[in-house]
Amino acid sequence: MKKIMLASVTALLFSLTAMAQTNNPPSSEKKEEMKDLRKDIRDIRKDKAQRRKELKEGDKAAAKEITEGIRDDKKDLHRDAKDLREDGIKHPVRRAQKQLHRAHEKKVS
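Owing to the predicted nature of the structure, the values given are computational and were not obtained by experimental measurement. (Residues numbered from 1 in each chain as written. Predicted model: local features only at pLDDT ≥ 70, side-chain atom pairs only at ≥ 80, totals over all residues. Heavy atoms only, no water.)

(A) Examining helix α2 (residues 28-57) more closely. Across its 30 residues, α2 extends 43 Å between first and last C-alpha, which sits within 8% of the 44 Å expected from 1.5 Å per residue. Met 34, Leu 37, Asp 40, Ile 41, Ile 44 and Glu 54 are the residues of α2 that are buried. Turning to α2, the residues buried within the fold contact α3 (60-86) and α4 (92-108). Among the residues trailing α2, Gly 58 stands out with phi positive, at a value near 95°. (Helix = DSSP H or I, 4+ residues; strand = E, 2+ residues; numbered from the N terminus. Expected span 1.5 Å × (residues − 1). Buried < 20%, exposed > 50% of the residue type's maximum accessible area, 1.4 Å probe, protein only. Contact = heavy atoms within 4.5 Å.)

Right, here's the structure in full:
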């Protein structure tokens, strides 16, 4: 009887430690928020490139409008990052930038 109890307790402990070490995948809501964050980063990059082009052509009024759009996108980005941090994702902006970089490297290769 003692051997059976000892074996069952040992098996229980092993199974609990194995379950504690498994990593739960992020929920679909977090994935959607990260996707939105990556989209915001792409928008900011595109807008900055457009602003440089407008300034190079000498159109300061258009560049100023684009700058306001960049400001709005950055506010969106920081708001989304704050939500993701509250959901438990560490350094969401840096993660999104790395994901974009990896996707670009995969695309180029």
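Next comes the rest of the write-up.
(B) View of a nonpolar patch on the surface. A cluster of nonpolar residues, Val 9, Leu 12, Leu 13, Leu 16 and Met 19, forms a patch on the protein surface that exposes about 490 Å² of accessible area. Counting through the fold element by element, Leu 13 comes out in helix α1 (residues 2-21). Exposure remark for Leu 13: the relative accessible area of 51% places this residue in the exposed category. (Patch = residues over 30% accessible without salt bridge, like charges linked within 9 Å, V, L, I, M, F, W, Y side chains within 5 Å. Areas by Shrake-Rupley, 256 points an atom, 1.4 Å probe, with all protein chains shown as cover. Salt bridge = Lys/Arg side-chain N within 4 Å of Asp/Glu carboxyl O.)

(C) Looking closely at the nonpolar core. If you look at the biggest cluster of nonpolar residues, it comprises 12 residues: Met 34, Leu 37, Ile 41, Ile 44, Ile 66, Ile 70, Leu 77, Ala 81, Leu 84, Ile 89, Ala 96 and Leu 100. Elements represented by at least two residues in this core include exactly α2, α3 and α4. Here this core gets 5 residues from one element, more than from any other, and that element is α3. In this structure, Ala 81 is in contact with Leu 37, Pro 92 and Val 93, ignoring residues within four places of it in sequence. (Core = buried A, V, L, I, M, F, W, Y, C linked by side-chain atoms within 4.5 Å.)

Function cannot be read off these values alone, since they describe shape.
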